[in-house]
Amino acid sequence: MAPAITLAAEAPKLSAANTGFMLICSALVLIMTPGLAFFYGGMVRVKSTLNMLMMSFISMGIVTILWVLYGFSLAFGTDKGSFIGWTSDWVGLSNIGLTELWDGYTIPVFVFMVFQLMFAIITPALISGALADRVKFTAWSLFITLWATLVYFPVAHWVWGAGGWAFELGVIDFAGGTAVHINAGAAALGVILVIGKRVGFKKDPMRPHSLPLVMLGSGLLWFGWFGFNAGSWLGNDDGVGALMFVNTQIATAAAMLAWLLYEKIRHGAFTTLGAASGAVAGLVAITPSGGAVSPLGAIAVGAIAGVLCAMAVGLKYKFGYDDSLDVVGVHLVGGVIGSLLIGFFASGKGQSTVEGLFYGGGLTQFWKQCAGVFAVLGYSLVVSAILAFLIDKSMGMRVTEDEEIAGIDQAEHAETAYDFSGAGGGAARTAVPAPADTDAKKVDA
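Residues numbered from 1 in each chain as written. Predicted model: local features only at pLDDT ≥ 70, side-chain atom pairs only at ≥ 80, totals over all residues. Heavy atoms only, no water.

Participant: It is not clear to me how the overall build of the protein chain should be interpreted in this structure. Could you clarify?
Facilitator: Helix and strand counts for the protein chain stand at 16 helices and 2 strands. Against the compact-globule benchmark of 22 Å for 445 residues, the protein chain has a radius of gyration of 23 Å, which places it among compact chains. With the principal axes as the frame, the protein chain shows a C-alpha extent of 110 × 50 × 45 Å. In the protein chain, which comprises 445 residues, the share counted as buried stands at 54%. Across the protein chain, every contact between residues at least 6 apart in sequence was considered, and the portion connecting residues at least 24 apart equals 77%. When the accessible surface of the protein chain is totalled, it reaches about 18,800 Å², and 67% of it is carbon and sulfur. Of the side-chain charges in the protein chain, 22 are positive and 28 negative, and the distance between the mean point of each set is 10 Å. (Helix = DSSP H or I, 4+ residues; strand = E, 2+ residues; numbered from the N terminus. Rg over C-alpha atoms; globule rule 2.2 N^0.38 Å. Buried < 20%, exposed > 50% of the residue type's maximum accessible area, 1.4 Å probe, protein only. Contact = heavy atoms within 4.5 Å. Areas by Shrake-Rupley, 256 points an atom, 1.4 Å probe, with all protein chains shown as cover. Lys, Arg positive; Asp, Glu negative; His and termini not counted. Charge placed at Lys NZ, Arg CZ, Asp CG, Glu CD.)

Participant: Is there a simple way to think about the side chain of Ser-128 in this case?
Facilitator: Positionally, Ser-128 belongs in the loop between α3 (109–127) and α4 (137–160). For Ser-128, the contacting residues outside a window of four places in its chain are Tyr-40, Met-52, Met-55, Ser-56 and Trp-140.

Participant: Where do I start with the packing of aromatic side chains in this structure?
Facilitator: The description of an aromatic ring pair rests on the distance of the ring centres and on the angle between the ring planes. Applying the stated rule across the entire model yields 30 aromatic pairs. On the numbers, 6.2 Å between centres and 85° between planes, the contact of Phe-76 with Trp-102 is edge-to-face. You can see Phe-76 sitting in helix α2 (residues 49–76) and its partner Trp-102 sitting in the loop between β2 (84–85) and α3, a full 26 residues away along the chain. Pair check on accessibility: Phe-76 and Trp-102 agree, each one buried. Seen in terms of ring centroids, Phe-119 and Trp-160 are 5.9 Å apart; in terms of plane orientation they differ by 85°. Their pairing is edge-to-face. (Phe/Tyr/Trp six-rings, centres within 6.5 Å; stacked < 30°, edge-to-face > 60°.)

Participant: Whenever I open this one, the packing of helix α7 (residues 211–230) against helix α8 (residues 240–267) confuses me. Can you help?
Facilitator: Pairs of packed helices are described in terms of their axes, by the angle between the two and the distance that separates them. As a packed pair, α7 and α8 sit with axes 9 Å apart at the nearest point and diverge in direction by 140°. Accordingly, the angle class assigned to the pair α7 and α8 is oblique. When you trace α7 past α8, the crossing you get is right-handed. Residues Trp-222, Phe-226, Asn-229 and Ala-230 of α7 touch α8, and the partners they reach there are Gly-241, Met-244, Phe-245, Thr-248, Gln-249, Thr-252, Ala-253 and Met-256. Residues belonging to the contact of α7 with α8 are distributed by class as follows: 7 nonpolar, 5 polar and no charged. (Axes fitted to C-alpha atoms, helices over the stretch in contact; angles between N-to-C directions. Parallel < 35°, antiparallel > 145°, perpendicular 65-115°, else oblique. Left-handed = near helix turned anticlockwise from the far one by under 90°. Nonpolar A, V, L, I, M, F, W, Y, C, P; charged D, E, K, R; others polar.)

Participant: Even after reading the chapter, I still don't get the pattern of salt bridges, so can you show me in this structure?
Facilitator: Oppositely charged side chains may form a pair once their charged atoms are brought near each other. A full pass over the atoms with the stated rule returns 5 salt bridges. Its salt-bridge partner being Arg-45, residue Asp-133 comes within 3.1 Å of it at the nearest N-O pair. On the criterion of sequence distance, the pair formed by Asp-133 in the loop between α3 and α4 and Arg-45 in the loop between α1 (16–43) and α2 is long-range, its members being 88 residues apart. We classify Asp-133 as buried; its relative accessible area is 3%. (Salt bridge = Lys/Arg side-chain N within 4 Å of Asp/Glu carboxyl O.)

Participant: Looking at this structure, I do not really get α7. What am I missing?
Facilitator: Along an α-helix, residues three or four positions apart point the same way, because every turn accommodates 3.6 residues. Given a rise of 1.5 Å per residue, 20 residues ought to cover 28 Å, and the 29 Å separating the end C-alpha atoms of α7 matches this to within 8%. Maximum bend of α7: about 30°, positioned at Gly-224. (Expected span 1.5 Å × (residues − 1). Bend = angle between axes of the 7 residues up to and from the residue.)

Participant: Is there a simple way to explain the nonpolar core in this structure?
Facilitator: General note: in soluble globular proteins, nonpolar side chains tend to be found buried as a group. Of all hydrophobic cores here, the largest spans 120 residues; its most connected members are Trp-67, Phe-72, Leu-131 and Phe-143. Setting aside its immediate chain neighbours within four residues, Trp-67 contacts Phe-72, Ala-75, Phe-76, Met-113, Gln-116, Leu-117, Ala-120, Tyr-152 and Phe-153. (Core = buried A, V, L, I, M, F, W, Y, C linked by side-chain atoms within 4.5 Å.)

Participant: Looking at this structure, how should I read the state of the cysteines?
Facilitator: Each disulfide consists of a covalent bond between the sulfur atoms of two cysteine residues. According to the stated counting rule, one finds 0 disulfides in the structure shown. With no disulfide partner, Cys-309 has as its closest neighbouring cysteine sulfur the one in Cys-370, 17 Å distant. (Disulfide = S-S within 2.5 Å.)

Participant: So what exactly am I meant to see when it comes to the layout of surface pockets here?
Facilitator: Over the atoms rolls a probe the size of a water molecule, and in doing so it shows where empty space is left. Here the largest pocket is characterised by a volume of approximately 940 Å³. Taken together, 36 residues line the largest pocket, and the ones lying closest to its centre are Leu-273, Val-313, Lys-316, Tyr-317 and Asp-326. When residues in the lining of the largest pocket are grouped by element, the largest group, 5 residues, is from α8. The residue makeup of the lining of the largest pocket, split by class, is 19 nonpolar, 7 polar and 10 charged. The space that makes up the second largest pocket amounts to roughly 700 Å³. Tyr-105, Val-159, Trp-160, Gly-161 and Phe-167 are the residues nearest the centre of the second largest pocket, which is lined by 26 residues in total. (1 Å grid on protein atoms, 1.4 Å probe; cavity = no way out; pocket = protein on both sides within 12 Å on 5 of 7 lines; lining within 4 Å. Points joined across faces, edges and corners; volume = space filled by probe spheres on them.)

Participant: Looking at this model, I keep getting lost on unusual backbone geometry. Mind explaining?
Facilitator: Trans is the prevailing form of peptide bonds, just as negative phi is the prevailing case for residues other than glycine. The backbone phi angle of Lys-202 is positive, close to 70°, even though this residue is not glycine. With respect to the element layout, Lys-202 can be found in the loop between α6 (177–195) and α7.

Participant: Where do I start with α4 in this structure?
Facilitator: Along α4, the sharpest kink reaches roughly 45°, centred on Ala-148. Most of α4 is tucked away: 19 of the 24 residues are buried.

Participant: Would you explain the packing of α2 against α4 in this entry?
Facilitator: The contact between α2 and α4 brings their axes to 9 Å, and the two run at 45°. The pairing of α2 with α4 is recorded here as oblique in orientation. Seen from above, α2 lies across α4 with right-handed handedness. Its residues assigned to classes, the contact of α2 with α4 shows 18 nonpolar, 7 polar and no charged.

Structure follows, in structure tokens:
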């Protein structure tokens, strides 16, 4: 009898299909940051439009460099005590082979690295919406440098890095409910509690200056989010990424409709701002849960998030914190809802066999989700508040009151979003001087 031969499991080979798919998904995630810039930029007043756009765009520059130098190593390197990672060969991306595969997958390390880079870029950009109209651009740039280093990179390791404590505990976060949305929403709350309210908060009208820009931005976010969510499975070999793609569409639609219905009942109208905000709330909520729930579960997740986030945006008036563009109400609340509902709606037929309460699995997964949610929320809120406090005391976090009233675009960027000097046509008119007692501070751009 011939001796038995034990064959080793065949090592994964580079898949051109999965590699191409992930590069496309990476580009889709990147376009979400300009989409966010338009979404936020349309929601502010004219005098703050460019600053809002720049607060997102600068993240694309700063975080990219940090990620190359050390961020990727901190987030996804060899685990150090379940809190942070580190692989010295990844510093500066200097010792990564072109065809070296990400462990256990069929895509190169470079592809995984650049996909995760896009997540690292958009997360601090999300925070900016809460700080509209009043933060120095230099202070903001320093804040996101420190915040990415001390908050985002460690939290990404907790949730997604091999050896991270949340990953090992079994906390489910398919594409960023905790690491991205709760993380950014809690950070936003921490910073605004330190820097205070805008001049005129709850007194002056602060309506969106361009709802078409808001709708364009939300459309780009919805489009790019398919890469954000479906790409997070890192391939197309077993259908889980397809489930996530489908659930992303379903939950977003359900949340938009639920928000609009709540808005009609509560305020008597279906608004474009409500439609855009509801869609984003659904995208946020399905991000952690879409790989674990069924399509019917996605409807439930989206509808619940749409209503509860619509209710949550009014909390700033009740409690007196000035969350300019509802980052807390949509991203923090939506992320918490989507993450915790996994404990109820996980079907056991998606990314894992984990079942939620409604599928006979009890509350075991719910408590795991609670651990991840509240640990990230507390850590991000506290560290973000400390960073904002230190920056405020050292270099000043806010522009002056006069600069805020006149417009942060002119003060910080020496530009305005719209040039009306050539508008109008017809015969030239003689300029009429303004009355001597005009109070410039009363002019709301």
